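Analysis of the macromolecular model
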Amino acid sequence: TEAADKIYIEPITLDFVERIIRKEKPDGILASLGGQTGLNMAVQLASDGILDEMGIELLGTSLQSIKKAEDRELFKRTIQEIGEKVPHSTIVTNLDDAIEFAGEVGFPIIIRPAYTLGGTGGGIANDMNEFKYICGKGLKLSMISQVLLEQSVAGWKEIEYEVMRDGADNCIIICNMENFDPVGVHTGDSIVVAPSQTLSDVEYQMLRTASIKIIRALDIKGGCNIQFALNPNSYEYVVIEVNPRVSRSSALASKATGYPIARVAAKIAIGLNLDEIKNSVTQNTYACFEPSLDYIVTKVPRWPFDKFTTADRSLGTQMKATGEVMAIGRTFEESLLKAIDSLDIKFNYQLGLSLFENKTREELLEYMKQPNDQRIFAICKALQKGFTAGEIVNITKIDDFFIRKLKKIVRLAEEIKNAGIAWLDYDLYSRAKKAGFGDSYIANLVNVPVEKILEVRSRFPINPVYKIVDTCAGEFEAVTPYYYSTYEERDDVIVSDNKKVLVIGSGPIRIGQGIEFDYCSVHSVRTLKELGIESIIINNNPETVSTDFDTSDKLYFEPLTKECVLDIIQKEKPIGVIVQFGGQTAINLAGPLYREGVNILGTSVENIDVAEDRDKFLKLLEELNIPIPVGSTVFSYEDARVVAGKIGYPVLVRPSYVLGGRAMEIVYNDATLEEYMTLAVDISTKHPILIDKYITGKEVEVDGICDGSEVLIPGIMEHVERAGVHSGDSIAIYPPHSLSREVKDTIVDYTVKLAKALKIVGLFNIQFVLDQNNKVYVIEVNPRASRTVPVLSKITGIPMVNVATKLIMGSKLSELGYKPGLAKESDFVAVKAPVFSFSKLITVDPFLGPEMKSTGEVMGVDKNYHSALYKALVASNLKIPSGGSVLLSVADRDKEECIEIANKLLELDFRLMATEDTYSYLSRVGLEVEFVSNDDILDYIKDDKATLVINTPTKGKISSRLGFLIRRTAMEYNTPCITSLDTTKALLEVLEQMVNEREWDVYSLDEYSKYNQD
């Protein structure tokens, strides 16, 4: 409720947004701050006549300007009218016209669908087969069935300008950025450097002038991002595209410069001009003052390939990254290495090189040709093996400047390695630190424990200093700057004597750790301010609110490593550190920091360890007489086979100390178990592998708050999908709608016992499973904030992070006015549904299992379960079919259960189609179903003959190749595909309600977020 006067958590569809507009009757709508979703919605509202009918003004950038930038035909015409160039291109709305253009210009061709986000549906086609495939998909995914086909300028430099314009036609350049990768890799998947490093002043001014000309021609009021392709061998350039809105690049530009782009854009939208808007950082200059940078910023994407090991790692015009990190340094080398250190994949420069240790010269050559997430390490290995910078530039088209910078890193690393620990002198160590080498990097290079490097460091007077980001390079005094570390003489930080607390952020957005943990960090910091305690945050994600300059009293933009955190602690001397709001990243730092004498606030490190260490946890559950699925911890395949033989297959296997079900799997036989153990031991060398009996039952989770002795349970959430689907990928319902009073009482009893036994102070999450007899088992306890904290906080009205922070700082629940036990259930129902990015990762199997695959989530709220579920499904982008044919292809174990589903579909007037085995089974029990042969099935999906696909994989990890192709084809051609019968049943309940009751109400947060303390 602190974000706005009124908040609606509803699907962003024409139907729901129209209802909100009719209820609230706003004077204006600001669409350019909601990304592509917001822009597309503004266009739909205008096209539908709703804005005109209700006299609502579209604020900031006009509808005509949005169309000029987003509609490929209008954009091309506008750019050409002002004398600027676009690549040789055409716009098509059907496949025949597309094929004709390809015949004229030849390959490669870039395909860019109109009105899509992150290059969705686009790509580079190198031959006709690829071309037809990408075009067909792009036309289907574009809101107006339109794609731009352009002759490829792949290999040219990609340069971005972030521009701001007001209603009086004042324009400024906030910053320009250069993509490390040339054109052909989506900017969200490229390493990006600000300011640009390789442009001459002539080139910089030429593109600056063009940028201002373009923003004026498009009549954009507010911020926009302009992307250019620049020929590296001449002054020739073309305009690739313009985002007439705040984008991911805007977030990066905002954090890189300290200039609050969204804030200024919002003020321009309501009529202020740049010379009337005060600079919030300096508070004595104005927003018309162009930022200056006296440092270098590097953004590195965070890809999900550590999760999706079978995914195609190649990078193109369709974005695959789930998030990104940003680092600041005095040189490109320093900021690049700090950014790599920030990725939180236990993966640094040295380990990256080791991937290519045994590659031949020819293999390295081949690997470097295709852009992918590991190419930068292949380049470094090639430099190490004697490739010249020129050879690599010819292969990769990456600018010679960047290759030479990588060569400096490689040379320095070799020098350190050759010197060894005995010869690591002041000069060499100092140069390493200035180049961004962390102590763990150096330890890897000289093959010693990191403690040995710290001994070396203690002999030399080498400690980081902290410099400021203030928008003006120190020209004016700044009131709210933020800081980054480097190795120089002068330190810009003023350290106060106030009582202060450090909150560790959650790092880049990735599967298993999303924006929900940033929500927790931000609310914790706000509470510390409320308590009069100076708040300090460390984080490295430019997309988050925690890295806004005014969220905390002090922000450090740094890698979340033990070394960087300890340096800041040594500088600031806080009374303690809070680790429970930054997800697994922060909780993993608890032990290492504690062993260095740092005061960990909240739940103690010893008790965190009891919850995370399987053997200690099992012992605790035994003492408390709480059941857990039978199982054991193992370190080898031999041990695992013995345990599996004893408890019986299927078994659930996973490494300990991981997030998001990383490498978790249901295993059905010895062969798959052996294959798993080979992989898992590699993932988790320091921790045991957990192996449990897999219970097929209902999963339930609880978020709780404890002050060390009393426990408040804001709510219980029940999962739609049975155990075996990761909680992050499950649809979850609050309040639970099928649990008996007895089961709820048992869950509350176990929750209270565990929280008290672990002496938890702050937040925790417990996951339970109920077997067929309603016996309650505990799966795990997370002694930290969980993914569901924002959902439960919003629906119950209990500000969970606020309460938890106050408890961490010494308050008791009773002092805050909360009664222990399960809070009164809301009169409203909330449904959390996952959102996936399978359309971008075309080799990933979309079936759901124990390893998390979703990249985000949505929430549906209503007074009844079915309406809330409908809203959640619509918001998660599931196309809910109202008729047509359903294609059924289910595993043998699901066929009997499928009869009920098939009957329900027929009742709802759907036609049924089925693959061979499913067809035989359903027709044998007398159901009317059409047979589809294996040869025709994929064409049926591509030709829209199925409005819904229901496909459950065969047992174990190895699904039939056909099943995989069915799921993938459905995903790529935008046909809803459900891989769980539980989800299917939930969808059928929604469809049934749609037949009986078509009206849904919209509710603002303040209508349901009212905690009743009675």
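For the structure given in this document, a descriptive report is provided here. In this text the structure is predicted, and so the values were computed from the model without any measurement.

1. Some points on the overall build of the protein
- A tally of regular secondary structure across the protein gives 36 helices and 37 strands.
- The C-alpha atoms of the protein give a radius of gyration of 28 Å, which matches the 31 Å a tight globule of 1014 residues would have.
- Dimensions along the principal axes, computed over C-alpha positions, put the protein at roughly 75 × 70 × 65 Å.
- Residue burial in the protein is summarised as follows: out of 1014 residues, 62% are buried.
- Contacts in the protein between residues far apart in sequence, at least 24 positions, make up 70% of those at least 6 positions apart.

2. What to know about the sheet that holds strand S33 (residues 885-889)
- Read across the open sheet, the five strands follow the order S35-S34-S33-S36-S37; overall the sheet is parallel. Sheet topology places strand S35 (930-931) and strand S37 (977-978) at the edges, where each strand pairs with a single neighbour.
- As defined by bridge partners, S33 adjoins strand S34 (residues 911-914) across four bridges and the pair is classed as parallel. Pairing of Val886 across the sheet is with Leu912, part of S34.
- Contacts from helix H34 (residues 961-972) reach S33, strand S36 (948-951) and S37, with the element oriented near 150 degrees to S36.

3. Side note on the pairing of strand S10 (residues 222-230)
- Burial analysis of S10 places nine of its nine residues in the buried class, the great majority of the element.
- As paired strands, strand S7 (residues 157-165) and S10 are joined by nine bridges and run antiparallel to one another. Opposite Glu160, over in S10, you have Gln227 as the bridge partner.
- The sheet contact formed by S10 and strand S11 (residues 237-243) spans six bridges and is antiparallel. Across the sheet, residue Asn225 finds its bridge partner in S11, namely Asn243.

4. Digging into the side chain of Ser254
- Inspection of the secondary structure puts Ser254 in helix H9 (residues 248-257).
- A polar atom in the side chain of Ser254 sits 3.2 Å from the backbone nitrogen of Ile261.
- In this view, Ser254 contacts Tyr259, Pro260, Ile261 and Tyr482; residues no more than four positions away in its chain are not counted.

5. Description of the environment of Ile144
- Along the polypeptide, Ile144 turns up in the loop between helix H7 (128-141) and strand S6 (147-151).
- Along the chain, Ile144 and Pro113 lie 31 residues apart, while their C-alpha atoms are 9.0 Å from each other.

6. A closer look at the sheet that holds S6
- One open sheet accounts for four strands, arranged S3-S6-S4-S5; its pairing is antiparallel. One side of each edge strand has no neighbouring strand; the edge strands of this open sheet are strand S3 (89-92) and strand S5 (123-125). Sheet twist, expressed as the mean angle between neighbouring strand axes with direction ignored, is 25 degrees.
- In the sheet, S3 pairs with S6 via four bridges, with the strands oriented antiparallel. Following the sheet pairing, Thr90 is matched in S6 by Leu149.
- Contacts from H7 reach S3, strand S4 (109-113), S5 and S6 within the one sheet, and its direction differs from that of S5 by about 150 degrees.

7. Description of the pattern of salt bridges
- The tally for this structure, following the rule as stated, stands at 59 salt bridges.
- Close ionic contact of Arg22 with Glu53 constitutes a salt bridge, the shortest N to O distance being 3.0 Å. Linking Arg22 in helix H1 (residues 14-24) with Glu53 in helix H3 (residues 50-54), this pair joins segments that are 31 residues apart in sequence.
- Exposure remark for Arg22: the relative accessible area of 32% places this residue in the partly exposed category.
- For Glu53, a relative accessible area of 53% puts it in the exposed group.
- Linking Glu150 and Arg112 is a salt bridge whose minimum nitrogen-to-oxygen distance equals 3.0 Å. Here Arg112 lies in strand S4 and Glu150 lies in strand S6, a separation of 38 residues in the sequence. Exposure class is identical for Glu150 and Arg112. Each is buried.

Rules behind the numbers
Residues numbered from 1 in each chain as written. Predicted model: local features only at pLDDT ≥ 70, side-chain atom pairs only at ≥ 80, totals over all residues. Heavy atoms only, no water. Helix = DSSP H or I, 4+ residues; strand = E, 2+ residues; numbered from the N terminus. Rg over C-alpha atoms; globule rule 2.2 N^0.38 Å. Buried < 20%, exposed > 50% of the residue type's maximum accessible area, 1.4 Å probe, protein only. Contact = heavy atoms within 4.5 Å. Pairing = 2+ DSSP bridges. Axes fitted to C-alpha atoms, helices over the stretch in contact; angles between N-to-C directions. Polar contact = N/O pair within 3.5 Å; in protein donor to acceptor, adjacent residues only side chain to side chain. Salt bridge = Lys/Arg side-chain N within 4 Å of Asp/Glu carboxyl O.

None of this, on its own, says anything about what the molecule does.
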